[in-house]
Amino acid sequence: MDIGTVKVSGNLAVVETVLYGSVVAPIQAEGKIVVQQYLVREDGKWRVATGDQATVKRFIASSPGFKKGFKLTQPRFYIKQDGKWIVFRLPGNRTRST
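Model, not experiment: these values are computed from the prediction.

Draft legend 1. The pairing of strand β3 (residues 29-42), seen in detail. The buried fraction of β3 amounts to 10 of the 14 residues, a majority that puts the element mostly inside the structure. Alignment of strand β2 (residues 12-23) against β3, held across 12 bridges, turns out to be antiparallel. Each residue of the ladder has a partner; that of Glu16, found in β3, is Gln36. Hairpin geometry of β2 and β3 is characterised by an intervening segment of 5 residues between the two adjacent antiparallel strands. By the bridge criterion, 4 bridges tie β3 to strand β4 (residues 45-48) in an arrangement that is antiparallel. Residue Val40 lies in a different strand from β4, and its bridge partner there is Arg47.

Written out as structure tokens, the structure reads:
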């Protein structure tokens, strides 16, 4: 896991992360996910809210200044092919390459 940019605003935070692993189906390859982790501070402790988009949207809506100067992005999936990271798309997936 690589941890990149962190933005904190009050009780909300977004952390840019890269998660590494192995893809086993439909092909076998090294893989990575570039994703933003959303966190909320409750009772002095940070809790991850990434998996629940409804919760993330509610937190963002409750703090309109939070998005200012920070672009919220969708997860991007990659596999390593010939030593280079390429965007991984399942058939029918409309994800754009970056």
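Don't stop here, the text continues.
Draft legend 2. Structural context of unusual backbone geometry. Notably, Asp43 is not glycine yet its phi reads approximately 55°, a positive angle. For Asp43, the position within the fold is in the loop between β3 and β4. Even without a glycine there, the phi angle at Asp82 is positive, about 55°.

Draft legend 3. Main features of the environment of Ile3. The residue Ile3 is located in strand β1 (residues 2-9) in this model. Exposure remark for Ile3: the relative accessible area of 61% places this residue in the exposed category. With residues near it in sequence (within four places) discarded, Ile3 still touches Val15, Glu16 and Thr17.

Draft legend 4. Seen up close, the packing of aromatic side chains. The tally for this structure, following the rule as stated, stands at 1 aromatic pair. Over the face of the ring belonging to Tyr78 we find Lys32, whose NZ or CZ atom lies 5.2 Å from the ring centre.

Draft legend 5. Quick look at the pattern of salt bridges. Tallying each qualifying case throughout the model produces 1 salt bridge. Of the charged contacts, one joins Arg47 and Glu42 as a salt bridge, the two residues approaching to 3.2 Å between their closest N and O atoms. Since its relative accessible area comes to 38%, Arg47 is described here as partly exposed.

Reading guide: rules and limits
Residues numbered from 1 in each chain as written. Predicted model: local features only at pLDDT ≥ 70, side-chain atom pairs only at ≥ 80, totals over all residues. Heavy atoms only, no water. Buried < 20%, exposed > 50% of the residue type's maximum accessible area, 1.4 Å probe, protein only. Helix = DSSP H or I, 4+ residues; strand = E, 2+ residues; numbered from the N terminus. Pairing = 2+ DSSP bridges. Contact = heavy atoms within 4.5 Å. Phe/Tyr/Trp six-rings, centres within 6.5 Å; stacked < 30°, edge-to-face > 60°. Lys NZ or Arg CZ within 6 Å of the ring centre and 35° of its normal. Salt bridge = Lys/Arg side-chain N within 4 Å of Asp/Glu carboxyl O.

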